[in-house]
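Survey of secondary and tertiary structure
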Amino acid sequence: MKLVFDLSNPGSAGVKSLGFLVMSRLTKIMLELTIINCVTSALFLTGIVNVSDAPGFYVTFPLAAILYGMFLICRMLQKDVVEFDAEHH
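Reference entry: report on the structure contained in this document. Here the residue numbers are simple positions, counted from 1 along each chain's written sequence. Per-residue local features of the predicted model are confined to residues with pLDDT of at least 70, and side-chain atom pairs are confined, for both listing and counting, to 80 or more; whole-chain, interface and lining totals are unaffected and use all residues. As a convention, hydrogens and water are excluded, and side-chain values are obtained from all of the structure's heavy atoms.

Moving on, we get to helix 2 (residues 60–87). Here a strand is any run of E in DSSP of at least two residues, a helix any run of H or I of at least four, and the numbering for each starts at the N terminus. Expected span of a helix, by definition, is 1.5 Å for each gap between consecutive residues, and there is one gap fewer than residues. With 28 residues, helix 2 ought to run about 40 Å at 1.5 Å a step, and its terminal C-alpha atoms sit 40 Å apart, in line with that. The reported bend at a residue is simply the angle between two axes, fitted to the 7 residues ending at it and to the 7 residues beginning with it. Approximately 40° is the largest bend angle found in helix 2, and it occurs at Gln 78. For the exposure calls, accessible area comes from a 1.4 Å probe over protein chains only, and a residue counts as buried if that area is under 20% of its type's maximum, exposed if over 50%, partly exposed in between. Looking at helix 2, one finds that the buried residues are Thr 60, Ala 64, Leu 67, Phe 71, Cys 74, Gln 78 and Asp 85.

This is how it looks when you write it as structure tokens:
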């Protein structure tokens, strides 16, 4: 089965717009980074990995929260980006 994206007509049935492709990839990247940072911060905070000599590693927990917030924002705006692209093309 061959999947073809026609970016010249984003409103046609079965075709995804460029904005949707960018936003869906961006949300996946944000979610992956959030999970990675949560796991690493859990390792640091529980003491499994000792980073007491380098306190800069403790920034991973707030970074995970920031990335999760960005993920939620991207997720909420994904539908609006698709509608905006459909209106302006």
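Aromatic rings considered in pairs are described by the distance between their centres and by the relative angle of their planes. Pairing of aromatic side chains here covers Phe, Tyr and the six-membered ring of Trp, requires ring centres within 6.5 Å, and sorts the geometry by plane angle: under 30 degrees stacked, over 60 edge-to-face, intermediate tilted. One pass over the structure, following the stated rule, counts 2 aromatic pairs. Taking the centre distance of 5.5 Å and the plane angle of 55° together, the rings of Phe 44 and Phe 57 count as tilted. Highlighted residues: Phe 44 in helix 1 (residues 18–46) and Phe 57 in the loop between helix 1 and helix 2, separated in sequence by 13 residues. Using a relative accessible area of 13% as the deciding quantity, one classes Phe 44 as buried. Under the relative-accessibility criterion, Phe 57 is labelled partly exposed at 43%.

Turning next to the side chain of Thr 27. When you line up the elements, Thr 27 lands in helix 1. You can call Thr 27 buried: its relative accessible area is 5%. Whether two residues touch is decided by their heavy atoms; if any such pair falls within 4.5 Å, the residues are in contact. Every residue in contact with Thr 27, bar those within four places of it in the chain, is listed here: Phe 71, Cys 74, Arg 75 and Gln 78.

Inspection of the secondary structure assignment puts Thr 60 in helix 2. Overall, Thr 60 belongs to the buried group, its relative accessible area being 11%. Excluding residues that lie within four positions of it along the chain, Thr 60 makes contacts with Asn 37, Thr 40, Ser 41 and Phe 44.

Honestly, that's just the spatial picture; any functional story needs more than this.
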